[in-house]
Amino acid sequence: MEPVTHVSAPPAKEAQRLNLSNVEFDGPARAAVVSLPRGSFRTPIFMPVGTQATVKALSCEELESLPAPVILGNSYHLHLRPGDSRIASLGGMHTFMNWPGLILTDSGGFQVFSLKENVRVEEKGVHFKSHIDGSSHFIGPIEAMAIQANLGSDIAMAFDQCPPSTASKHDIVAAMDRTTAWAKICTQQPRPAHQVRFGIVQGGVDIALRKAHLESISALDFEGIALGGLSVGETRDELYHVLSEIVPLMPQDKPRYLMGVGHPLDLVAAIGAGVDMFDCVLPSRNARNGSLFTSKGRIVIQNARHQDDNNPVDDSCDCTTCARYTRAYLAHLFRAKELLYYRLATIHNLRYIIRLMADAREAIVQKRFASFRKDIESIPKVEN
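A brief structural summary.

Right, let's get into helix H9 (residues 236-246). Residue pairs spaced three or four apart in an α-helix point in one direction, given the helix's 3.6 residues per turn. Listed in full, the buried residues belonging to H9 are Leu-239, Val-242, Leu-243 and Ile-246. Looking straight down H9, one finds its buried side chains confined to an arc of 100°; they lie on one side.

Positionally, Gln-202 belongs in the loop between strand S11 (196-201) and helix H8 (207-218). According to the relative accessible area criterion, Gln-202 is buried, its value standing at 1%. Sequence-wise, Gln-202 and Arg-81 are 121 residues apart; in three dimensions their C-alpha atoms are separated by 28 Å. Each residue touching Gln-202, except ones within four places of it in the same chain, is listed here: Asp-160, Gln-161, Cys-162, Pro-163, Met-176, Thr-179, Leu-209, Arg-210, His-213, Gly-228 and Gly-229. A polar side-chain atom of Gln-202 sits 2.7 Å from a polar atom in the side chain of Asp-160.

Read from one edge to the other, the open sheet built from three strands follows the order S1-S2-S3, with strand pairing classed as antiparallel. Strands with a single pairing partner mark the edges of an open sheet, and in this sheet they are strand S1 (19-26) and strand S3 (39-43). Pairwise comparison of adjacent strand axes, ignoring direction, gives a mean angle of 10° for this sheet. Sheet topology places strand S2 (residues 29-36) next to S3; five bridges connect them, and they run antiparallel. Bridging from a neighbouring strand, Leu-36 pairs with Gly-39 of S3.

Following the criterion strictly, the structure yields zero disulfides and no others. Free of any disulfide, Cys-319 has its nearest cysteine sulfur in Cys-317, 3.6 Å distant. Cys-319 gets classed as buried once you look at its relative accessible area, which sits at 2%. Left without a disulfide partner, Cys-322 is nearest to the cysteine sulfur of Cys-319, which lies 3.7 Å away.

Taken together, three strands build an open sheet; the order of strands is S7-S8-S9 and the sheet is antiparallel. At either margin of the open sheet sits one strand with a lone partner, and together these are strand S7 (119-122) and strand S9 (136-139). Strand-to-strand twist of the sheet, defined as the mean angle between neighbouring strand axes without regard to direction, takes the value 20°. Here strand S8 (residues 125-129) pairs with S9 via four bridges, running antiparallel. Directly across from Lys-129, in S9, lies its bridge partner Ser-136. Running over the sheet, helix H7 (residues 169-187) touches S7 and S8 and is turned about 70° from S7.

Of note, the bond from Thr-43 into Pro-44 is cis; its omega dihedral lies within 30 degrees of zero at 0°. Between Arg-81 and Pro-82 the backbone carries a cis peptide bond, its omega angle lying at 5°. By secondary structure assignment, the location of Pro-82 is in the loop between helix H2 (75-80) and helix H3 (84-89). In this model, Ser-231 sits at a positive phi of 60°, which is unusual for a non-glycine residue. Following the sequence through the fold, Ser-231 ends up in the loop between strand S12 (224-227) and H9. Here Lys-337, not a glycine, exhibits a phi torsion of approximately 55°, which is positive. You can call Lys-337 exposed: its relative accessible area is 64%.

Criteria and cut-off values
Residues numbered from 1 in each chain as written. Predicted model: local features only at pLDDT ≥ 70, side-chain atom pairs only at ≥ 80, totals over all residues. Heavy atoms only, no water. Buried < 20%, exposed > 50% of the residue type's maximum accessible area, 1.4 Å probe, protein only. Helix = DSSP H or I, 4+ residues; strand = E, 2+ residues; numbered from the N terminus. Arc of directions from axis to C-beta. Contact = heavy atoms within 4.5 Å. Polar contact = N/O pair within 3.5 Å; in protein donor to acceptor, adjacent residues only side chain to side chain. Pairing = 2+ DSSP bridges. Axes fitted to C-alpha atoms, helices over the stretch in contact; angles between N-to-C directions. Disulfide = S-S within 2.5 Å.

Structural data, given as structure tokens:
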């Protein structure tokens, strides 16, 4: 397993904030090294989601062992509780949660707009009511970047508007225009010396709109480019079509990040299109709900067949759960609603996805990605 690169102090004299190097191609698929002021990571990479400064059920030591060089934090949630100013006063998110690796924070835009009836949008940002206590708040591009500066993340995302999959073309265009205007403001805000910024491309599943918005965002001073507004209800065919048409047009010298996608089939398809970075709650959420990935297909641990099964979840998996515990034991823990189940299952699912990334990287370097993808696509979708 590759070790987690520990965060170090930024150099006294600021150098280039992000460097994409050691790029290997196999068709559009690529593997590379992304270097930041406080650490580096290899791509393709999956970043576990730590919404509230914790990846649910796991300790930082367990995340390091996966290994997970980069994790996510959620600006919306951390702004509301315990407060980004409080986290800043406690030394920033790394110190607060004692995380030695790198951190990417989202801007909170997706969460704010998902509140729907509790949101009022204006030119400068969004008024909304907290899902916790109903209190009123406002976040715009200035506030979003200030929150992320307080959190001290290594990668900060621009504030954007993510329209739902059911949005009209008129609404999608309005969201694009607003996202572009906000992105320009985001690039003008102060930031910590170690922090890089990624812009976000919207446009729904309309290829012409996606191309136009990619051109607008790519022209701004961002160190990386992300595709947002996907995995929000569109079909798998629509997702893959957008990826095949748009990813090859994204800047070659910057990391390409697909937000919110975490199913193995979608990850491999996106890597095949040239995406470098991913995040999603799906692997950890599925684990907590009893759905576990294996090399022979997804299993549902609640199914009766597992109650007397002394085999590991996946005999080809090298995670600590599979090394020590049986399907029968996990089935018992799940049925009994024991807290240990959530930890063991989350370790397994995240290790499966992180190992998938490492295997994809190796396949790219060895120029056999097409056969690797075919092998993954041949895995049954559910247990037999």
